[in-house]
Amino acid sequence: MDGPIPVTGPGQFYMLRTPTRWPVLLPRPFSLYDRAPDGSWGSFLLKGVGPGTNALLDVDVGEDVLVTGPLGRTFPADIEDPVCVAGGVGLAPFLLLARAAKANDRPVRLLFGGRDRAALAGLEDFEPIARVATSTDDGSHGHHGLVTELLERMIERGEVRAGETVFCCGPDPMMHAVAKLCERRGLRCFLSLETYMACGYGVCNGCTVEVDGERFRGWPYSKTCLEGPVYEACELVELRS
Ligand SMILES: Cc1cc2nc3c(=O)[nH]c(=O)nc-3n(C[C@H](O)[C@H](O)[C@H](O)COP(=O)(O)OP(=O)(O)OC[C@H]3O[C@@H](n4cnc5c(N)ncnc54)[C@H](O)[C@@H]3O)c2cc1C
Ligand code: FES
C-alpha cells in the first residue's frame, strides 16, 4: 500500500482496518512485511482467517486502509546471526530483518514451515537474500514434517550450537515446541506472540500475558501490545510448565 510508512523494526506491528465496510468493531494487528527504503509504500502478508482479514484481502487498488503504527517492540537488534523460525504468515516479521542482514553480507538462516506449499507464501522473497530451509506437513515442499524437526536436525549437525539465538513467529503450538526445543538444547529463544488484541496501544487490557522477568519490575502481567509482541521465551510463565 502507498505510504508514508515510518521506519519499522522487525516484530513491530500496525493496527489495520478499512474506513468503510469494516465488518467488526475493532481493527486487527499485523506485522509489517516489507517497506520501501524511503517509506513510500509498505506491505502486509495476510491470511484470511475471519472477517477482518477477509475484508482487508478484499480491498481494491486505490481504496483507503486506516493504519496505526508502528506499535510494540522489535526482536533484539544486538543479536548477530539469529536463526529465524517461521510458520505460515509468521514469516511476516522476518523480511525486514533478512534485508538488513543481507545488506551487511550476513544472510540470515530461515527455517520456514507450513501445512503445504501454498502456506509458504512469501518464500520467493527470501530465497535470494537468506539461507532458507522449508518444511511442509504434506511433503509438497522441503522436509516432510515439522519445522521443529528441521531445527533439531541443524542442531544435530552442529549448524546451530548451544548459546545461539532463535527468533520465532507462528502458530502458538509451533512456537511452544520451538521454545521447548531451545530450552533443551541451550539456545536462547525470542517469540513474537500473535495474542488477540483489541486496541493495540495499552488501554483495553485485552492482550495480557503472564510474565516473570526483570524488565517487568515484579508485575506478573504484561501487555503484549506495549511490552511485546516479542518476548524472550523464559519470560513467559505459560512456557514454564
Ligand atoms: C503482533 C501481531 C502480528 C500479527 N501479524 C499478522 C500477519 O502479519 N498476518 C496475519 O495474517 N495475521 C497476523 N496476526 C494475526 C491477526 O491479527 C489475527 O489472526 C486477527 O485476529 C484476524 O482477524 P479476523 O477478524 O480476520 O479474524 P478473527 O475473527 O479475529 O479470528 C478468526 C479465528 O481465529 C481465531 N483467532 C484469532 N486470533 C487468535 C489468537 N491470537 N489465538 C488463537 N485464536 C485466534 C479466532 O478465535 C477465530 O476463530 C498478527 C497478530 C498479532 C498480535
Ligand atoms: S491490545 Fe489493548 S491493551 Fe493491548
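Just so it is clear, the model here is predicted, and its values are computed rather than measured. (Residues numbered from 1 in each chain as written. Chains lettered and ligands numbered in written order. Predicted model: local features only at pLDDT ≥ 70, side-chain atom pairs only at ≥ 80, totals over all residues. Heavy atoms only, no water.)

## Quick notes on the overall build of the protein chain
Worth spelling out the cut-off: A run of H or I in DSSP becomes a helix once it reaches four residues, and a run of E becomes a strand once it reaches two; helices and strands are each numbered from the N terminus. Only C-alpha atoms enter the radius of gyration; for comparison, a globular chain is expected to reach 2.2 Å times N to the power 0.38, where N is the number of residues. Note on contacts: a residue pair qualifies if any of its non-hydrogen atoms lie within 4.5 Å across the two residues. The Shrake-Rupley method, run with a 1.4 Å probe, gives the accessible areas here. Residue values count only the displayed protein chains as cover. Positive residues here are Lys and Arg, negative ones are Asp and Glu, while His and the chain termini are left out of the count. Positions of charges follow a simple convention, taking NZ of Lys, CZ of Arg, CG of Asp or CD of Glu.
From N to C terminus, the protein chain includes six helices and 14 strands. A compact globule built from 241 residues should have a C-alpha radius of gyration of about 18 Å, and the protein chain, at 18 Å, falls within 12% of that. The principal-axis extents of the C-alpha atoms in the protein chain amount to approximately 50 × 45 × 35 Å. Partitioning the contacts of the protein chain with sequence separation of at least 6, the portion at a separation of at least 24 is 60%. When the accessible surface of the protein chain is split by element, carbon and sulfur atoms take 52% of a total near 11900 Å². Positive and negative side-chain charges of the protein chain, numbering 24 and 32 respectively, have mean locations separated by a distance of 3 Å.

## Examining the pattern of salt bridges
In plain terms, the rule: Salt bridges are identified by distance alone: a Lys or Arg side-chain nitrogen within 4 Å of an Asp or Glu carboxyl oxygen.
Counting across every chain of the model gives 15 salt bridges. Between Arg157 and Glu159 there is a salt bridge, and its shortest N-O distance comes to 3.4 Å.

## Focus: the site of ligand 1
The cut-off we apply is this: Summary of the distance rule: residues count as near a molecule or strand when at least one heavy atom falls within 4 Å of that molecule or strand. As used in this structure description, the phrase polar contact means that two N or O atoms lie within 3.5 Å; if the pair is within protein, one of them must be able to donate a hydrogen and the other to accept it, and residues adjacent in sequence are counted only when both atoms belong to side chains. A cavity, in this analysis, means grid points on a 1 Å lattice covering only the protein atoms where a 1.4 Å probe fits yet has no way out; a pocket is instead an open set bounded by protein on both sides within 12 Å along at least five of seven lines, and a residue lines either one if it has an atom within 4 Å of a point. A pocket or cavity is taken to hold a molecule when more than half of that molecule's atoms are within 2 Å of the pocket's grid points. Under the scheme applied here, ten amino acids are nonpolar (Ala, Val, Leu, Ile, Met, Phe, Trp, Tyr, Cys and Pro), four are charged (Asp, Glu, Lys and Arg), and all others, including Gly, are polar.
By nearness alone, 21 residues border ligand 1, and Arg28, Pro29, Gly52, Thr53 and Glu194 come closest of all. Within the backbone of Ser31, a nitrogen or oxygen atom sits 3.1 Å from a nitrogen atom of ligand 1. Here an oxygen atom of ligand 1 and a side-chain polar atom of Thr53 are 2.4 Å apart. Coverage of ligand 1 by the protein chains reaches 73% of its 930 Å² of free accessible surface. If you map ligand 1 onto the pockets, it falls in the largest pocket. Put simply, the parts of the chain that give the shell around ligand 1 at least two residues each are strand E2 (28-31) and helix H1 (51-57). Here the residues of the shell around ligand 1 sort into 13 nonpolar, five polar and three charged.

## Overview of the domain arrangement of the protein chain
Using the following cut-off: Segmentation into domains, and thus their bounds, comes from an automatic or database assignment. By convention, the term buried area covers the 1.4 Å-probe accessible surface removed from two parts as they join, with the contributions of both added.
Taken domain by domain, the protein chain holds domain 1 (13-71) and domain 2 (83-194). A C-alpha centroid distance of 24 Å is found between domain 1 and domain 2. Across the boundary between the two partners, domain 1 contributes eight residues, which contact twelve residues of domain 2. Summed over both sides, the interface between domain 1 and domain 2 buries roughly 840 Å², with carbon and sulfur atoms accounting for 62% of that surface. There are one salt bridge connecting domain 1 and domain 2. The closest approach of N and O atoms between Asp34 and Arg99, which form a salt bridge, is 2.7 Å. For the interface between domain 1 and domain 2, the tally reads two residue pairs in polar contact (both at pLDDT 80 or more).

## Points about the side chain of Glu164
Assignment of secondary structure puts Glu164 in the loop between helix H4 (147-156) and strand E10 (165-169). At 2.7 Å, the side chain of Glu164 forms a polar contact with the side chain of Arg109. Those residues in contact with Glu164, other than ones at most four positions away along the chain, are Asp81, Arg109, Glu159, Leu187 and Arg188.

## Focus: the sheet that holds E2
Here is the rule: We treat two strands as partners when DSSP finds at least two bridges between them. Here, axes are lines fitted to C-alpha atoms. For helices the fit covers the stretch in contact, and angles between N-to-C directions go from 0 to 180 degrees.
With respect to topology, three strands assemble into an open sheet ordered E2-E1-E5, the strand pairing being antiparallel. Looking at which strands have only one partner, the edges of the open sheet turn out to be E2 and strand E5 (66-71). Across the sheet, the axes of successive neighbouring strands diverge by a mean angle of 30°, strand direction being ignored. Pairing analysis gives four bridges linking strand E1 (residues 13-17) to E5, with the strands arranged antiparallel. If you follow Arg17 over to E5, its bridge partner there is Leu66.

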